[in-house]
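Chain by chain, the residues:
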Amino acid sequence: MAVSFSITTINDLPDVILSNIIAAVSDVRARNAASLVSRKWLLLDRSTRTSLTLRGNARDLYMLPSCFRSVTHLDLSLLSPWGHPLLSSTAAADPALFAHLLRQSFPNVKSLIIYSRNPSALQLLAPQWPSLTQIKLVRWHQRPPQLPHGADILPIFENCRDINSLDLSCFYCWTEDIPPVLKTHSQIAAKLTFLNLLNPSFPEGFKAQEVEEISKACPNLKKLFIACAFDPRYIGFVGDETLLSISMNCPKLSLLHLADPSALSNARADPDAQGFTPDDASITVATLIEMFSGLPLLEELTFDICNNIRDSGPALEILNSKCPKLRSLKLGNFHGISMPIESKLDGIALCQRLESLSIRNVADLNDMGLIAIARGCSDLTKFEVQGCKNITVRGMRTFVSLLNRTLIDVKISCCKNLGAVSSLKSLEPIQDRIRKLHIDCVWDNPDVIESNFEDEFGNNRKKRKFDFDLNDSHVSTYSTNQTWSKLEHLSLWFSVGELLTPFLSSGLEDCPNLTEISIKVEGDCRNFSKPSQREFGLGSLSIYPNLSKMQLDCGETIGYAHTAPSGQMDLSLWERFYLFGIGVVSLEELDYWPPQDRDVNQRSLSLPAAGLLQECFMLRKLFIHGTAHEHFLMFLLRIPNLRDVQLREDYYPAPENDMSTEMRADSCSRFEDALNRRRIND
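All figures in this text were calculated on a predicted structure; none of them were measured in a lab.

To continue, consider the packing of helix α1 (residues 15–23) against helix α3 (residues 39–48). Interhelical geometry of α1 versus α3 gives an angle of 65 degrees and a closest axis separation of 9 Å. Helix-helix and strand crossings are classified by hand; for α1 and α3 the assignment is right-handed. Within the contact between the two elements, α1 uses D15, L18, S19, I22 and A23 and α3 uses K40, W41, L44, D45 and T48. Of the residues that constitute the contact of α1 with α3, the class distribution is five nonpolar, two polar and three charged.

Printed below as a string of structure tokens:
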């Protein structure tokens, strides 16, 4: 008798199990590919797709998808043309019809992100989804000055009675807009468990009275992000009384993020500064102790201010004992955090349950204090240190050696004794484990990095010399000749005029799994007549076989957008310098911030930049954080696989009407139409 055998395939799995497998796939392209396998897989994908970001043009109503009825999180903030009022006569032919179709296509939305240039969009959309629980508003353009206080967010509280999460971290508004709405709608405000007011557009932050009113109106908050005016020179600064009101009014907080607005600007500290600011914050250690005692559920705490808090060690010891769930801590301008005497641990070193620690501008932290932190906080997986001038390569190397089992994410910035080469040298003990790294590409002492010393294992290390020319791309430097086998994300900071290639050849040559790189260039081009070399060196990134994503941020590079004075280069030539060679890197996704001319508030893609970007033949996504001429964008149509391009003026303040580059709504639409008409092979 013949025996027949049947082949079991994945389609034989029960639909419940198969839908769980498809739902677990997070990559969008992978899910899209899975939906093409069969009609059954298509239906399972659509029924389990809970998050969706729309990227089409608001005028094309016929392209609005209607098959994602299970979506609960909808992002409308990136609809084209970017930055224009979403539901207006210019963006959509019939705003009311568009709002109704959105409701019909996505009936189960609970979480919404929207670019709200003015209140009109919310006035139309909020009634469509009265059961919304989470809303994030985005606006980089200036707040319309004629609006009454709170008019921008009032439609949320008038229509969405179940709202429990409000995110205004990317929403350009005034501090005076928030408290009145929360006080007027006190019952809804009392339901909020998440409130993000950490907005860099606030020039001074929330004043003491405003912080107290917000915390009193939202007693059930579990997560609070807020930018506060800590500077004692200003009227209404946040001091002891306000901090105590937060712990008294919001005792359920598990995440608290307090920051000075100037700390949000990512302004670099001066590595040669002493570390102490001219003024002390009006916050006492006794107040910190009482505040921490009133927040027993804290799991994450950020206290990033720009004024001194001295002798903070005892407060941090109380933080450890009163907040047993604390896992993440970030401190700025806290001094005396670790002052060990012999082998006795104190201060932050007693926070033994920490998994993430970030410290900024700690003037009195030295190698012994850093090593004590490593001894006490033995479970750290992430560590960031900025502006600590007394830390040396020996202390940092010992620190990472003690944490070599757990530490995988490190940032070293603005530390006087830790340049690029010495930072890489100090990270040798975890070179085969680290996954994410940021360093400043600043040259160390060119004569001697370190004299003879005994390392953390008691081995005598020889003096190493480094001889190089800052303008020479062929630099003889120290190299570990080891592989950064697990490094996936690399972040680099450069001063204007420095070159990329020498730093990569100083110990970062072998990163086989590097997939993403972030490069930030900062400085004033007007101080240089021209660079020392023809190119920055992006072509040297081709040594990384798996590199596919890049963020190239020249937004803080300042120069002349128009005609430069005699002997100077305008920004178009600087863009050519930085982008030259990018075509040889096999990038699939690129975020690019063009340099700026602050005198005319212009960040625009130049002709040389457009010509160089068109050479990125593998590119699929390109986001330009600035403006461009329409005919410059047409160059990008020569990239064969390009699927998604968008201009985003996501910086404060975005220009109200960009007439200088002729990049208007119709220009964006014409380019997108040309892009969508092309045939893409895959």
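Once you've had a look at it, read on.
Overall, the coordinates contain 20 salt bridges when judged by the stated rule. D599 is paired through a salt bridge with R526; the nearest N and O atoms lie 4.0 Å apart. Within this pair, whereas D599 is found in the loop between β23 (596–597) and β24 (602–605), its partner R526 is found in the loop between β20 (516–524) and β21 (549–558), the two being separated by 73 residues in sequence. For R526, a relative accessible area of 27% corresponds to the partly exposed category. Across the salt bridge formed by R598 and E556, the nearest N and O atoms sit 2.9 Å from each other. Note that R598 is positioned in the loop between β23 and β24 and E556 in strand β21, a separation of 42 residues in sequence. A network of salt bridges, in which partner residues are shared, links R31, D45, R46 and R49.

That bond from S80 to P81 is cis: its omega, -10 degrees, falls within 30 degrees of zero. Structurally, P81 can be placed in the loop between β2 (73–75) and α4 (95–105). We note that D311 has phi near 50 degrees; this positive angle belongs to a residue other than glycine. The residue N361 is not glycine, and still its phi comes out positive at about 55 degrees. Positionally, N361 belongs in the loop between β11 (356–360) and α14 (367–376). For N361, a relative accessible area of 13% puts it in the buried group.

The next thing to look at is the packing of aromatic side chains. Per the counting criterion, the structure on display carries 17 aromatic pairs. Taken together, a centroid distance of 5.7 Å and an interplanar angle of 50 degrees make the contact between F194 and F225 tilted. Separated by 31 residues along the polypeptide, F194 in strand β6 (residues 194–197) and F225 in strand β7 (residues 223–227) bring together distant segments of the chain. Assessed through its relative accessible area of 15%, F225 is described here as buried.

All right, on to a nonpolar patch on the surface then. On the surface, I10, L13, I17 and I21 cluster together into a nonpolar patch covering about 300 Å² of accessible area. By the element assignment, I17 lies in helix α1.

In terms of nonpolar packing, the biggest core is built from 178 residues, with F106, F303, F399 and L541 touching the most fellow members. Judged by nonpolar contacts, the second largest core, of eight residues, contains W82, Y115, V138 and W140.

Calculation notes
Residues numbered from 1 in each chain as written. Predicted model: local features only at pLDDT ≥ 70, side-chain atom pairs only at ≥ 80, totals over all residues. Heavy atoms only, no water. Axes fitted to C-alpha atoms, helices over the stretch in contact; angles between N-to-C directions. Helix = DSSP H or I, 4+ residues; strand = E, 2+ residues; numbered from the N terminus. Left-handed = near helix turned anticlockwise from the far one by under 90°. Contact = heavy atoms within 4.5 Å. Nonpolar A, V, L, I, M, F, W, Y, C, P; charged D, E, K, R; others polar. Salt bridge = Lys/Arg side-chain N within 4 Å of Asp/Glu carboxyl O. Buried < 20%, exposed > 50% of the residue type's maximum accessible area, 1.4 Å probe, protein only. Phe/Tyr/Trp six-rings, centres within 6.5 Å; stacked < 30°, edge-to-face > 60°. Patch = residues over 30% accessible without salt bridge, like charges linked within 9 Å, V, L, I, M, F, W, Y side chains within 5 Å. Areas by Shrake-Rupley, 256 points an atom, 1.4 Å probe, with all protein chains shown as cover. Core = buried A, V, L, I, M, F, W, Y, C linked by side-chain atoms within 4.5 Å.

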